[in-house]
Amino acid sequence: MTRVVLAWSGGKDSSLALAALRRDPAVEVVALLTTVTRDFDRISMHGVRRSILSAQIDALGLPLIEAFIPAAASNQIYEAAMAEALGRLQQEQPGLRHLAFGDLFLEDVRAYRERVLPPLGWTPLFPLWGRDTRSLAHQFIGDGYRAILTCVDTEQLGPEFAGREFDAALLANLPATVDPCGERGEFHTCVYAGPIFSRPLALQLGDRIRRDGRFEYCDVRLVM
């Protein structure tokens, strides 16, 4: 079997990627890798608290490796943090060399990963590549996943979408210019229930904040 590490963002695409990998009898997912912004103590881009990340990991039953970066990190800083985290993974589990991503169709993103990872001894995998994003979004909902939009790029989508459930009503309300999976960065999600989890997470909405004059974040908290 091919042992694989999955880049885990806590959102819907990485959830679907994990499900796809687990359906492959030739693959064993052995760990998750998450990039965390140290200044905010949250998952990078998605803005999800590490306490929720920890609850997700506990419900997934997989080990987690975190790569820490500062806010507004350059590509150079990001790549150094990833290299360090991937090096730790290979020390802990010798022979690992496959890293999977939930990327769907952005060729420049795929080309970047295919350029950066091989010199580090890693081969990128893309289990969802080329899937129709509208069908994938409806599959996510139909399979019983639940997610909340935690970040919206207000240059592509209205700020009122932050904090909404990712459901059929939301898909029906999305402008035609917005990808149903938010693949162009229109929005990011936090998944709190679904078939890959041993139990759902209880979340509640918190404060909202606009960062960089553009990104509308809606905080979510664990209900203890």
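Residues numbered from 1 in each chain as written. Predicted model: local features only at pLDDT ≥ 70, side-chain atom pairs only at ≥ 80, totals over all residues. Heavy atoms only, no water.

A. Seen up close, the nonpolar core. In terms of nonpolar packing, the biggest core is built from 53 residues, with Trp8 and Phe166 touching the most fellow members. Aside from chain neighbours lying at most four places away, what touches Trp8 is Ser14, Ser15, Leu18, Leu32, Leu33, Thr34, Leu53, Gln56, Ile57, Leu60, Ile196 and Phe197. One finds Leu33, Ala81, Leu86 and Leu117 within the second-largest nonpolar core, a separate group that totals 19 residues. (Core = buried A, V, L, I, M, F, W, Y, C linked by side-chain atoms within 4.5 Å. Buried < 20%, exposed > 50% of the residue type's maximum accessible area, 1.4 Å probe, protein only. Contact = heavy atoms within 4.5 Å.)

B. Just the sheet that holds strand β8 (residues 187-193), in detail. Judged by pairing direction, the sheet is antiparallel, and its 4 strands sit side by side in the order β8-β7-β10-β9 without closing on themselves. Each edge of the open sheet carries a strand with a single partner, namely β8 and β9 (203-211). Neighbour-to-neighbour, the strand axes of this sheet turn through a mean angle of 25°, independent of strand direction. Pairing of β9 with strand β10 (residues 215-222), which is carried by 7 bridges, proceeds in the antiparallel orientation. When the sheet's bridge partners are listed, Leu203 is paired in β10 with Leu222. Across the sheet, helix α2 (residues 50-60) is in contact with β8, β9 and β10; its angle to β10 comes to roughly 60°. (Pairing = 2+ DSSP bridges. Helix = DSSP H or I, 4+ residues; strand = E, 2+ residues; numbered from the N terminus. Axes fitted to C-alpha atoms, helices over the stretch in contact; angles between N-to-C directions.)

C. Inspection of empty space enclosed by the protein at higher detail. Inspection of the entire model under this criterion finds 2 cavities of 30 Å³ or more. One number sums up the size of the largest cavity: a volume of about 70 Å³. Every residue lining the largest cavity is listed: Tyr78, Glu79, Met82, Leu86, Phe101, Tyr112, Arg113, Val116, Leu117 and Leu120. Counting only elements with at least two residues in the lining of the largest cavity, the list comes to α3 (75-92) and α4 (107-116). (1 Å grid on protein atoms, 1.4 Å probe; cavity = no way out; pocket = protein on both sides within 12 Å on 5 of 7 lines; lining within 4 Å. Points joined across faces, edges and corners; volume = space filled by probe spheres on them.)

D. Structural context of the state of the cysteines. Under the definition given, this model contains 0 disulfides. Sulfur of Cys181: no disulfide; nearest cysteine sulfur belongs to Cys151 and is 16 Å away. You can see Cys218 has no disulfide; the closest cysteine sulfur is in Cys190, sitting 11 Å from it. According to the relative accessible area criterion, Cys218 is buried, its value standing at 4%. (Disulfide = S-S within 2.5 Å.)

E. Quick peek at the side chain of Asp179. Position of Asp179 relative to the elements: it lies in the loop between α6 (168-173) and β8. It is Arg184 that comes nearest to the buried, bridge-free Asp179 among opposite-charge side chains, at 4.5 Å. Polar side-chain contacts of Asp179 include one of 2.9 Å to the backbone nitrogen of Cys181. What Asp179 contacts, discounting residues up to four positions off in sequence, is Phe105, Thr133, Leu174, Arg184, Glu186 and Phe187. (Lys, Arg positive; Asp, Glu negative; His and termini not counted. Salt bridge = Lys/Arg side-chain N within 4 Å of Asp/Glu carboxyl O. Polar contact = N/O pair within 3.5 Å; in protein donor to acceptor, adjacent residues only side chain to side chain.)

F. Representation of the packing of aromatic side chains. Considering all chains together, one arrives at 5 aromatic pairs under this definition. A ring pair is formed by Phe101 and Phe126, whose centres lie 6.1 Å apart and whose planes are at 25°; its orientation type is stacked. Separated by 25 residues along the polypeptide, Phe101 in the loop between β5 (98-100) and α4 and Phe126 in the loop between β6 (123-125) and α5 (133-142) bring together distant segments of the chain. Of the two residues, Phe101 and Phe126, neither departs from the other in class, the shared state being buried. Centroid distance Phe166 to Phe187: 6.1 Å. Interplanar angle 40°. Geometry classified as tilted. Separated by 21 residues along the polypeptide, Phe166 in the loop between β7 (146-153) and α6 and Phe187 in strand β8 bring together distant segments of the chain. Taking the relative accessible area as the measure of exposure, Phe187 reaches 3% and is therefore buried. Seen from the ring of Trp129, Arg110 lies directly overhead, with NZ or CZ sitting 4.9 Å from the centre. The ring of Phe40 carries the charged tip of Arg211 above its face, separated from the ring centre by 4.3 Å. (Phe/Tyr/Trp six-rings, centres within 6.5 Å; stacked < 30°, edge-to-face > 60°. Lys NZ or Arg CZ within 6 Å of the ring centre and 35° of its normal.)

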